[in-house]
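Survey of secondary and tertiary structure
The chain contents come next:
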Amino acid sequence: MKTAGIVVFPGSNCEHDVAEALAVVGMGSTMVWHGDQRLGGVDAVVLPGGFAHGDYLRPGAIARFSPVMAAVEEFARAGGPVIGICNGFQVLTEAGLLPGALRQNRGLKFLCTEVKTRVDSARSALTCGVATGTVLTLPINHFSGAYSCPPDTLAELRAEDRIVLRYVDNPNGSVDDIAGICSSTGNVVGLMPHPERACDPLGLQDGVRLWASLAATVAGAGADAAPASHRG
């Protein structure tokens, strides 16, 4: 069984949600403490949502200096899939593994709701099994979730097909409606919506399609490995 290491910082609160979502697509998981210096033999890494180190200074600013981040950076640079969700996305930008920054929401309001997002790139580890143009309903839960970057960075993201998710109806003032981006190699992905909270057969299920893409990536299976019941 392929296994993802879920990095736990002081203040993380979505690590068990991620573990349950991974189990839905047949992946195992192991918790990796932020003070560890090694990831172990994992096939993917997930930085979950929460409030790492209480979001002091700014979200992710302290977490990026945790000992485990050196191992995460090495794993990413070797081509390993690294997924940062919400606070995890913030940590990835602070660590320089993804460009840009997450600033406070438009109107300075904390948002906890469901949003429609559109898959705009299938070249990432988290979207390889989902056709572009597919609309997914996913929860958001953030105060500093508006993606921001300089014009030249935005132009680069567009030119390199690295904007993986866009909001259909922008809830937070994110530039170019961006909900998620990936690295130039597609293996590092950051997104503000929570796909792990959309894997319940009695509720939202669209997140399964993204986790199935990750499972396909680590299995080397390539495109559309999503269960038939979750294909559009």
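Source: prediction; values computed, not measured. (Residues numbered from 1 in each chain as written. Predicted model: local features only at pLDDT ≥ 70, side-chain atom pairs only at ≥ 80, totals over all residues. Heavy atoms only, no water.)

Side note on the overall build of the chain
The criterion, for reference: Strands are runs of DSSP state E lasting at least two residues, helices are runs of H or I lasting at least four, and both sets are numbered from the N terminus onward. The reference for a compact globule is 2.2 Å times residues^0.38; the radius of gyration itself is calculated from the C-alpha atoms. Here, Shrake-Rupley sampling with a 1.4 Å probe gives the accessible areas, and only protein chains in the shown set may cover a residue. Under this rule, positive means Lys or Arg and negative means Asp or Glu; His and the chain ends count for nothing. Lysine's charge is taken at NZ, arginine's at CZ, aspartate's at CG and glutamate's at CD.
Broken down by element type, the chain carries five helices and 11 strands. Relative to the globule expectation of 17 Å for 232 residues, the C-alpha radius of gyration of the chain, 16 Å, shows essentially globular dimensions. Across its three principal directions, the C-alpha atoms of the chain cover 40 × 40 × 35 Å. Here the chain has roughly 9400 Å² of accessible surface; of this, 51% comes from carbon and sulfur atoms. Taking the average place of the 17 positive charges on the side chains of the chain and the average place of its 22 negative ones, the gap between the two points comes to 4 Å.

Thoughts on the packing of aromatic side chains
Put simply, the rule reads: Any two rings among Phe, Tyr and Trp, with Trp reduced to its six-membered ring, count as a pair given centres within 6.5 Å; such a pair is stacked if its planes are under 30 degrees apart, edge-to-face if over 60, and tilted if neither. Each residue's exposure class comes from its accessible area (1.4 Å probe, protein chains only) as a fraction of the maximum for that residue type: buried when under 20%, exposed when over 50%, partly exposed otherwise.
Counted by the stated rule, this structure contains one aromatic pair. Here the aromatic rings of Phe89 and Tyr147 are separated by 6.0 Å at their centres, their planes lie at 10 degrees, and the arrangement is stacked. Of this pair, Phe89 sits in helix α3 (residues 87-94) while Tyr147 sits in strand β8 (residues 146-148); the two residues are 58 residues apart in sequence, bridging distant segments of the chain. Among the residues examined, Phe89 registers a relative accessible area of 0% and is labelled buried. Under the relative-accessibility criterion, Tyr147 is labelled buried at 0%.

Structural notes on helix α1 (residues 15-24)
To keep things clear, this is the line we draw: Note that the arc is defined by the directions from the helix axis to the C-beta atoms. We call two residues contacting when some pair of their heavy atoms lies within 4.5 Å.
Of the residues making up α1, those classed as buried are Glu15, Val18, Ala19, Ala21 and Leu22. Down the axis, α1 shows its buried residues gathered within 165 degrees of arc, on one side only. Facing away from the buried side of α1 by over 90 degrees, the exposed positions are His16 and Glu20. Against the buried residues of α1 lie β1 (3-8), β2 (28-33), β3 (44-47), β4 (82-85) and α5 (207-219). One or two positions beyond α1, positive phi appears at Gly26, with a value near 80 degrees.

So, the pairing of strand β10 (residues 178-182)
Note the threshold: When DSSP finds two or more bridges between a pair of strands, those strands are recorded as paired.
With five of five residues buried, β10 lies mostly within the body of the structure. Across three bridges, the pairing between strand β9 (residues 163-167) and β10 is antiparallel. Residue pairing in the sheet places Arg166 in a bridge with Ile178 of β10. As judged from the three bridges shared by β10 and strand β11 (residues 188-191), these two strands associate in the antiparallel manner. Each residue of the ladder has a partner; that of Cys182, found in β11, is Val189. Here β10 folds back onto β11 in antiparallel fashion, the turn holding five residues, of which Gly186 has a positive phi close to 80 degrees.

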